[in-house]
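# Examining the three-dimensional arrangement
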Amino acid sequence: MIGAVIVHLYKQKESKYWWVKFYDPDGKPVYKSTRTTLKKEARRKAEDIAAGMRREAAKEVGLGVAFQDVVRRAADYAAEGSLSLSKAEDLIRRLHRIANPDYCRVTLQEHVDAFLAAKIPQLPTESSRNSYRTGCQKMLEALGKKTAQGPVDGLTGALVVAAAGKMRKGMKGATANLYVKMFRYAMEQAVDEGLIPTNPAGEKVIKPFQENDSEQVAAFTQEEFNLLLEAAAKKHKSDEWAGLILIAGHTGQRLGDCLELGTASIRNDSFVFVQGKKKAAKKTVRVPITSRVLEWIDERQGKFFPTLKKQATSSTSSQFASIMKEAGVPKYVETPEGGQAKRTFHSLRHSFTSWLADAAVAPDIRKKLTGHSKDGIHARYTHHDQSLNEAVQKLPQ
C-alpha cells in the first residue's frame, strides 16, 4: 500500500515566495520553492509535487493511484468552490491522457480541417470541392471563433441550429441547405471516429430551409456600370474583368456564356451564343457587338477570359462583389415597392434589358437579344437583323 505524501506550505524570512515541505515515501524531508507569492497557486504547485511523488511510488501499482490524484484534485477544487467547467474539462483530459498517452482532444476547427484534407482529393469536380470548403467555412464562421477553437465534443445541436440560422441571412435557402449538408458530413465523420457520440448537425436536429425563396435582383444604373468598369481596371492587372463586365452589360448574357467567348464566337460583327446544356433544349442567340466592345477585343485571339474561366464560380462571384465594393456600388437597393433587391453579376443581364427598355426598344427585340423568347428563334433571324443592330447601338457607350 502506498502512503500519503504529507505537504506543508510555509514562508521563509529571506524569500518572498511560498515554500513547500513534504516527506517522501521513505520519510525523508524535502524542501522546495513554489516560485509564487500567491498561496492558492502555491497550493496547486505543492499538489503537483505531491502527485508526482505518488506516481513515482506507484509505478509498480498501475493506473489506480494516477486516477486517484486527479479525483483528489477535483475534490480540492470543489471544497474551495473553484471547480469551474474549464477546470473540470482539464481534469477529464488528464484522465484521458493517463489511460491513453496518445490521447489528444481535437478542436472543432482541427477536425473540420482534417476532414476536408481527406475529402477534397476524392471529389471529382471543382464545384463539389468548393461546396465542401465553403459550406464548412461558412458554418464555422457562423458558430464563432470560440466554438470553432473549442473541443469538437463541445458542439451542440442548439449551437448548430443557431449558426445555420445566422448563416442563412443573405443567401438562398437552397444554398444554406447545401452548406449545412457539407458540415453535416464533416460531423458524421467525427461520429465515425469516436470523437462525438451523435451528430449535432444531423437531419433530425436541424430542419431544412425553404428553397422557394427567390430573391429579387436589381439592375445597375449607367453611372454604376461605368464605375464598375473603372474599379475593375484599377483592382486587377489583367483586363479580363473589365472586358467581362463590359461584354455582359452589352450583351445581356449570363456569366457562364460570357466566359466561353472568344474569337471563334464572332460571326459577322456579332457574338453567337449557344444557350442550354441539353441538345434538345439548345438555342442560338446572336447579339451585335457594340463599338465599345469591339475596341476592347482589338487584336485578341482565342478565348477572351482564360484566367477567369478556369477558376471556381464562387471565386468569380466573390471577386465581382469586391469590385462592386471598390466602385462604391451598393449590394442592396430599395425597390419602388419598398422592398429590397440584391445586385450581383447577374444584374448586368437585368441592366441590359432595362437600358434597352429605357431606349424604347420593342419587347420582342429585347427577348431576341437576351434569348428569353420561347418562339422559334431561328425562323425570324433575317427579319430582325437590322432591328438588333439598331437596338444595341442604343446601349450606354
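Given the structure is predicted, the values throughout are model-derived calculations rather than measurements. (Residues numbered from 1 in each chain as written. Predicted model: local features only at pLDDT ≥ 70, side-chain atom pairs only at ≥ 80, totals over all residues. Heavy atoms only, no water.)

## Some remarks on the overall build of the chain
Across its full length, the chain carries 17 helices and eight strands. Burial status across the chain gives 39% buried among its 397 residues. Restricting the contact set of the chain to residue pairs at least 6 apart, pairs at least 24 apart contribute 59%. Carbon and sulfur atoms make up 52% of the accessible area of the chain, which amounts to about 22900 Å² in all. (Helix = DSSP H or I, 4+ residues; strand = E, 2+ residues; numbered from the N terminus. Buried < 20%, exposed > 50% of the residue type's maximum accessible area, 1.4 Å probe, protein only. Contact = heavy atoms within 4.5 Å. Areas by Shrake-Rupley, 256 points an atom, 1.4 Å probe, with all protein chains shown as cover.)

## Looking at the packing of helix H5 (residues 126–143) against helix H8 (residues 173–192)
Remark: H5 packs on H8, axes separated minimally by 8 Å, with the N-to-C direction vectors making an angle of 90 degrees. By the angle class used here, H5 and H8 are roughly perpendicular. Residues Ser131, Tyr132, Thr134, Gly135, Cys136, Lys138, Met139, Leu140 and Leu143 of H5 form the contact with H8, whose participating residues are Leu178, Tyr179, Val180, Met182, Phe183, Tyr185 and Ala186. Across the contact of H5 with H8, the residue classes break down as twelve nonpolar, three polar and one charged. (Axes fitted to C-alpha atoms, helices over the stretch in contact; angles between N-to-C directions. Parallel < 35°, antiparallel > 145°, perpendicular 65-115°, else oblique. Nonpolar A, V, L, I, M, F, W, Y, C, P; charged D, E, K, R; others polar.)

## A closer look at the pattern of salt bridges
Throughout the structure, instances matching the rule amount to nine salt bridges. Across the pair Glu80 and Arg44 runs a salt bridge whose closest N-O atoms are separated by 2.2 Å. Linking Glu80 in the loop between helix H2 (64–79) and helix H3 (85–99) with Arg44 in helix H1 (residues 39–57), this pair joins segments that are 36 residues apart in sequence. Glu80 sits in the partly exposed class, given a relative accessible area of 32%. With a closest N to O distance of 2.5 Å, Lys309 and Glu260 form a salt bridge. (Salt bridge = Lys/Arg side-chain N within 4 Å of Asp/Glu carboxyl O.)

## Focus: the nonpolar core
Residues Leu228, Trp241, Leu244, Ile245, Ile247, Phe271 and Phe320 are the most contacted members of the largest nonpolar core, which totals 36 residues. At seven residues, the largest contribution of residues to this core is made by helix H10 (residues 240–251). Discounting residues that sit within four places of it in the chain, Leu244 has contacts with Leu255, Cys258, Leu259, Phe305, Leu308 and Phe345. Core analysis: the second largest hydrophobic core is formed by 31 residues, Met139, Leu143, Ala190 and Ile196 among them. (Core = buried A, V, L, I, M, F, W, Y, C linked by side-chain atoms within 4.5 Å.)

## Quick look at the environment of Lys310
For Lys310, the position within the fold is in helix H13 (residues 306–310). Put simply, Lys310 and Leu259 are 51 residues apart on the chain and 9.4 Å apart in space, counted from C-alpha to C-alpha.

## Quick look at the pairing of strand E6 (residues 283–288)
The buried fraction of E6 amounts to five of the six residues, a majority that puts the element mostly inside the structure. Examined bridge by bridge, strand E5 (residues 270–275) and E6 share six bridges and lie antiparallel to one another. Bridged to Gln275 within E6 is Lys283. (Pairing = 2+ DSSP bridges.)

## Re the packing of aromatic side chains
For any pair of aromatic rings, the description rests on two quantities: the centre-to-centre distance and the angle between the ring planes. Scanning the entire structure with this criterion turns up twelve aromatic pairs. Among the aromatic residues, those joined into a cluster by ring pairs are Phe271, Phe273, Trp296, Phe304 and Phe305. In this structure, Lys11 is placed above the aromatic ring of Trp18, and the distance from its NZ or CZ to the ring centre is 4.9 Å. (Phe/Tyr/Trp six-rings, centres within 6.5 Å; stacked < 30°, edge-to-face > 60°. Lys NZ or Arg CZ within 6 Å of the ring centre and 35° of its normal.)

## Some remarks on the packing of H5 against helix H7 (residues 157–168)
H7 packs onto H5 with a crossing angle of 110 degrees between their chain directions and a minimal axis gap of 8 Å. Between H5 and H7, the interaxial angle falls into the category roughly perpendicular. Here H5 contributes Lys138, Met139, Ala142 and Leu143 to the contact with H7, which in turn contributes Leu159, Val160, Ala163, Ala164, Lys166 and Met167. Class assignment for the residues of the contact of H5 with H7 results in eight nonpolar, no polar and two charged.

## Some points on H10
In a regular helix each residue adds 1.5 Å, so twelve residues correspond to 16 Å; H10 covers 16 Å between its end C-alpha atoms and thus fits that length. The complete set of buried residues in H10 reads Glu240, Trp241, Ala242, Gly243, Leu244, Ile245, Leu246, Ile247, Ala248, Gly249, His250 and Thr251. Once H10 finishes, Gly252 follows within two positions and takes phi at roughly 70 degrees, a positive value. (Expected span 1.5 Å × (residues − 1).)

## Some words on the confidence of the model for the chain
Taken as a whole, the chain shows an average pLDDT of 81; of its residues, 78% reach a score of 70 or greater. Confidence, expressed as mean pLDDT per element, reaches its minimum in the chain at helix H17 (residues 381–392) with 48 and its maximum at helix H6 (residues 145–148) with 94. Between residues 372–385, whose pLDDT stays under 50, and residues either more than four places distant or in other chains, the model counts 19 contacts. (pLDDT = per-residue confidence, 0-100.)

## Observations regarding helix H4 (residues 108–119)
In a regular helix each residue adds 1.5 Å, so twelve residues correspond to 16 Å; H4 covers 16 Å between its end C-alpha atoms and thus fits that length. Where H4 is buried, its residues meet H5, H6 and H8.

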